[in-house]
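Given next are the chains, with one letter for each unit.
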Amino acid sequence: MPTIMKKQPLTLLGGLTAEQFLAEYWQKKPLLVRGALPGFTGLLARDEMLDLACREDVESRFVSQAGGWTIAHGPFSRAALRRKAKPWTALVQGLNMLLPQADEMMRRFSFIPYARLDDLMVSYATDGGGVGPHFDSYDVFLLQGMGKRRWRIGNQMDQTLIEGLPIRILKDFRPVHDWVLEPGDLLYLPPEWAHDGIAVGECMTYSVGFRAAPTQDLAEQFLTFLQDRVNLPDRYRDPDLELQKHPASIGAPMIDQVADMLNRVRWNRDTVRDFLGSYLTEPKSHVFFDPPAKPLGEGRFAAAAARRGIRLDARSQLLFADDSFYINGESVVVARRDRALIRQLADQRALPAQKLGDVAVALLHDWYRCGFIHLP
Ligand code: SIN
Ligand code: CO
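Residues numbered from 1 in each chain as written. Chains lettered and ligands numbered in written order. Predicted model: local features only at pLDDT ≥ 70, side-chain atom pairs only at ≥ 80, totals over all residues. Heavy atoms only, no water.

Participant: Just to check I follow, could you spell out the overall build of the protein chain for this structure?
Facilitator: Helix and strand content of the protein chain: 10 helices and 19 strands. For the protein chain, the spread of C-alpha atoms along the principal axes amounts to about 80 × 65 × 45 Å. Of all 376 residues assigned to the protein chain, the portion counted as buried reaches 41%. A separation threshold of at least 6 residues defines the contact pool for the protein chain, and within that pool the share at least 24 residues apart is 77%. As displayed, the protein chain has an accessible area near 20,500 Å², and 52% of this comes from carbon and sulfur atoms. (Helix = DSSP H or I, 4+ residues; strand = E, 2+ residues; numbered from the N terminus. Buried < 20%, exposed > 50% of the residue type's maximum accessible area, 1.4 Å probe, protein only. Contact = heavy atoms within 4.5 Å. Areas by Shrake-Rupley, 256 points an atom, 1.4 Å probe, with all protein chains shown as cover.)

Printed below as a string of structure tokens:
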């Protein structure tokens, strides 16, 4: 994974530096880059991708516009896919978790923090196929793999959708740009930009998607997180209870006292940091790790790491905030002298061969036994 230099012009961004891209385009306006990845024709063949859409552990969708828009969720059988009337498109999420080259490609976009990165999706469409004109709530980089796709995009205010359809299709799509992307071309779209990508001949498109949490979701998840962390030992008491006129009435003193009790639920920036660390690294519901069947003991693991280095599993999420570290939904304590090393592992997603200190070995061996990291 390349480390991105502040002032380095990037072919991926059409010669812009990452800083220029952030200042001028990110969340502001689209960017079309011809030849962003010169020579790129894709990460996998059509049949390999359709095989993924048939796997139980892979999230896939199938959208058809033959005889009206329909959507189906995988896994599919190859026979069922062959029978579909054209045009159609199949979409596979989380390619980065299935293919090391896909993770590597997604990490080329690491000028955006991993905390914002969601996944790499791949789509295959027959001639004329697509998911129709729509808008998304997330930023996306659309990278053309095999074949060509015509993209029409617009920044219309009118987001009315056609009612009664199983997928989100804009009622009145008004594109302002019309481009045909060829292999290696890239289109960045900010959230809410309307777009419609139609395959010109059969084609495959890779989308690097981002996440931007809705406030409501953050609030709900934060309250759940907080629930396990409140510790308010005493209880309601009323030694001064006065006779009430209505026994069924909830008395004002009771409401006041409970309001005071609940006001003692407190959190601070550290609580929010720990919440974010676990929220952002929490594996998606269908993600499971594969611990090694015959794990090496700590000594042999350390010797192997010294010879071969280690790498994070493509499904592992390792993030940090200052001296606090989070892996796959859990907060972990990292000894002061190992923090630079674990930050390097988080940024680069791998560590080169090196002799590790005892404390680092104990931590990494634990992660290795969970299937969070591997010996390459
Ligand atoms: C695609 O079909 O590959 C992209 C879907 C989209 O427009 O979001
Ligand atoms: Co879209």
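Participant: What is the right way to look at unusual backbone geometry in this model?
Facilitator: One can expect most non-glycine residues to show negative phi and most peptide bonds to be in trans. Omega for the peptide link from Gly74 to Pro75 comes to 5°, which places this bond in the cis form. Residue placement: Pro75 occurs in the loop between strand 5 (70–73) and helix 3 (78–83). One non-glycine residue, Glu192, lies in positive phi territory at about 75°. Inspection of the secondary structure puts Glu192 in the loop between strand 11 (186–189) and strand 12 (194–200). Positioned with a positive phi, Asp322 is a non-glycine residue whose angle comes to about 50°. Residue placement: Asp322 occurs in the loop between strand 15 (318–321) and strand 16 (324–327).

Participant: Can you help me understand the domain arrangement of the protein chain in this one?
Facilitator: Assigned domains of the protein chain: these are domain 1 (11–210), domain 2 (218–238 + 246–267) and domain 3 (298–374). Centre-to-centre, using C-alpha coordinates, domain 1 lies 47 Å away from domain 2. (Domains from an automatic or database assignment.)

Participant: Looking at this structure, I do not really get the pairing of strand 16. What am I missing?
Facilitator: Here is the key point about a regular strand: its side chains alternate between the two faces of the sheet. The side-chain alternation of strand 16 yields two buried faces, one formed by Ser324 and Tyr326 and the other by Phe325 and Ile327. Linkage of strand 15 to strand 16, two consecutive antiparallel strands, is achieved through a turn of two residues, within which Asp322 is found at a positive phi near 50°. Looking at chain direction, strand 16 and strand 17 (residues 330–332) are connected through three bridges and run antiparallel. By the bridge assignment, Tyr326 is partnered in strand 17 with Ser331. The antiparallel hairpin formed by strand 16 and strand 17 contains two residues in its connecting segment, where Asn328 sits at a positive phi of about 45°. (Pairing = 2+ DSSP bridges.)

Participant: Would you explain the coordination of the cobalt ion (ligand 2) in this entry?
Facilitator: Surrounding the cobalt ion (ligand 2) are the protein donor atoms His134 (NE2), Asp136 (OD) and His195 (NE2), at 2.0 to 2.1 Å. Between the donor residues of the cobalt ion (ligand 2), the gaps in sequence give the motif H-x1-D-x58-H. One end of the pair, Asp136, is in the loop between strand 7 (117–125) and strand 8 (140–144); the other, His195, is in strand 12, with 59 residues separating them in the sequence. His195 sits in the buried class, given a relative accessible area of 5%. (Donors = N, O, S within 2.8 Å, 3.2 Å for Na, K, Ca; no water.)

Participant: Is there a simple way to think about the packing of helix 9 (residues 339–348) against helix 10 (residues 358–370) in this case?
Facilitator: The relative placement of two packed helices comes down to the angle between their axes together with the axis-to-axis distance. For the pair helix 9 and helix 10, interaxial distance at closest approach is 11 Å and the crossing angle is 30°. With respect to their mutual orientation, helix 9 and helix 10 come out roughly parallel. Two packed elements cross with a definite hand, and for helix 9 against helix 10 that hand is right-handed. Where helix 9 approaches helix 10, its residues Leu341, Ile342 and Leu345 are matched on the opposing element by Ala360, Leu363, Leu364 and Trp367. (Axes fitted to C-alpha atoms, helices over the stretch in contact; angles between N-to-C directions. Parallel < 35°, antiparallel > 145°, perpendicular 65-115°, else oblique. Left-handed = near helix turned anticlockwise from the far one by under 90°.)

Participant: Looking at this structure, I do not really get the packing of aromatic side chains. What am I missing?
Facilitator: Each aromatic ring pair is characterised by the separation of its centres together with the angle its planes make. Overall, the coordinates contain 24 aromatic pairs when judged by the stated rule. Measuring from ring centre to ring centre gives 4.6 Å for Phe109 and Phe141, while their planes differ by 40°; the resulting arrangement is tilted. You can see Phe109 sitting in the loop between helix 4 (100–106) and strand 7 and its partner Phe141 sitting in strand 8, a full 32 residues away along the chain. Overall, Phe109 belongs to the buried group, its relative accessible area being 1%. For Phe141, a relative accessible area of 1% corresponds to the buried category. The interplanar angle of 35° and the centroid separation of 5.8 Å between the aromatic rings of Phe320 and Phe325 together place this pair among those described as tilted. What makes Phe325 buried here is its relative accessible area of 0%. Ring-pair connections join several aromatic residues into one group, and the members of that group are Phe21, Tyr25, Trp26, Phe109, Phe111, Phe141, Tyr188 and Phe210. (Phe/Tyr/Trp six-rings, centres within 6.5 Å; stacked < 30°, edge-to-face > 60°.)

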